[in-house]
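Inside the fold
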Amino acid sequence: MSEQKMSDIISLVSEIRELGKSFIIERLHENGFSDLDVSHGNILTLLYFNEKLQMKEISQRIKRGKSTVTVLINKLLKNGYIKKEQDLHDKRIFYISLTEKSEKLRPVFFEISDQLNSKFESILSEQEGSDFIRISKKIITSWWLFLFVEIVEKVPSLRKRGL
């Protein structure tokens with residue numbers, strides 16, 4: 001594949017992401033949740049399906065660094081969407097859980113998600129959607145493998161272990 005085609009793919013995927021973000025932000029604002037950003041969605045989704053989680057678990061599950069998650073959590077705390085509670089037995093552990101405000105958001109949150117999915121379903125045939133998902137997963141998996149190999153090559157102690 002030519003370098004120009006790869007550049008086009010990256011540009012197009014980025015544009016799709018931006019269109020999706022704009023769609024979500026606009027719907028959040030229309031529904032009175034202008035203090036949220038798309039980046040909060042992964043955390044809220046996790047908490048909608050889990051009663052409470054530790055910061056470390058959230059970071060691992062959304063594949064973001066601790067510092068990034070801390071910033072996102074702090075904004076959600078400040079805006080009243082989540083609460084932070086210290087473990088009764090281990091004072092180093094804090095649990096994150098939803099508040100009444102985030103429960104009010106829940107139906108809006110899932111409605112916006114359904115609307116976004118419907119938008120994509122109206123654009124792509126079922127086969128095109130399946131192909132897009134398959135190709136995207138292939139790119140992501142290959143990219144992570146490339147990064148892993150690159151790290152192993154740069155770290156002598158990992159090379160010695162045969163990784």
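Structure report, in brief. Values in this document were obtained by computation on a predicted structure and should not be read as measured data.

**Considerations on the nonpolar core**
Formed by 23 residues in total, the largest nonpolar core has its most connected members in Leu36, Ile43, Leu44, Ile58, Ile82 and Leu105. In terms of residues, this core owes the most to one element, helix H2 (residues 41–49), which gives five residues. Not counting chain neighbours up to four residues away, the residues in contact with Ile82 comprise Leu44, Leu47, Ile73, Leu76, Leu77, Ile96, Ser97, Leu98 and Thr99.

**Notes on the layout of surface pockets**
In this structure, the largest pocket encloses a volume near 2000 Å³. The wall of the largest pocket is formed by 41 residues, among which Val13, Arg17, Asn42, Arg64 and Ile140 lie closest to the centre. Mapped onto the lining of the largest pocket, the elements with two or more residues apiece are helix H1 (3–30), H2, helix H3 (55–62), helix H4 (66–78), helix H5 (100–123) and helix H6 (126–154). Per-element tally for the lining of the largest pocket: the top contributor is H1, with eleven residues. Looking at the lining of the largest pocket residue by residue, the class counts come to 24 nonpolar, eleven polar and six charged.

**Observations concerning the side chain of Ser97**
The topology assignment puts Ser97 in strand E3 (residues 94–98). Judged by relative accessible area, which is 7%, Ser97 ranks as buried. There is a polar contact of 3.4 Å between the side chain of Ser97 and the side chain of Glu85. Setting aside residues up to four positions removed in sequence, Ser97 forms contacts with Leu47, Glu51, Lys52, Tyr81, Ile82, Lys83 and Glu85.

**Remarks on the packing of H2 against H5**
Their axes nearest at 11 Å, the elements H2 and H5 cross at an angle of 105 degrees. On the basis of the axis angle, H2 is roughly perpendicular to H5. Along the contact surface, H2 presents Gly41, Leu44, Thr45, Tyr48 and Phe49, while H5 presents Ser102, Leu105, Arg106, Phe109 and Phe110. A breakdown of the residues in the contact of H2 with H5 according to their chemical character gives six nonpolar, three polar and one charged.

**Digging into the sheet that holds E3**
To summarise the sheet geometry, strands pair through backbone hydrogen bonds and adopt either a parallel or an antiparallel arrangement. Taken in spatial order, the three strands of this open sheet run E1-E3-E2, and their pairing is antiparallel. Both outer strands of the open sheet, strand E1 (52–54) and strand E2 (82–86), are each paired with one neighbouring strand and no more. Here the average twist between neighbouring strands, direction ignored, is 30 degrees. Examined bridge by bridge, E1 and E3 share three bridges and lie antiparallel to one another.

Calculation rules
Residues numbered from 1 in each chain as written. Predicted model: local features only at pLDDT ≥ 70, side-chain atom pairs only at ≥ 80, totals over all residues. Heavy atoms only, no water. Core = buried A, V, L, I, M, F, W, Y, C linked by side-chain atoms within 4.5 Å. Buried < 20%, exposed > 50% of the residue type's maximum accessible area, 1.4 Å probe, protein only. Helix = DSSP H or I, 4+ residues; strand = E, 2+ residues; numbered from the N terminus. Contact = heavy atoms within 4.5 Å. 1 Å grid on protein atoms, 1.4 Å probe; cavity = no way out; pocket = protein on both sides within 12 Å on 5 of 7 lines; lining within 4 Å. Points joined across faces, edges and corners; volume = space filled by probe spheres on them. Nonpolar A, V, L, I, M, F, W, Y, C, P; charged D, E, K, R; others polar. Polar contact = N/O pair within 3.5 Å; in protein donor to acceptor, adjacent residues only side chain to side chain. Axes fitted to C-alpha atoms, helices over the stretch in contact; angles between N-to-C directions. Parallel < 35°, antiparallel > 145°, perpendicular 65-115°, else oblique. Pairing = 2+ DSSP bridges.

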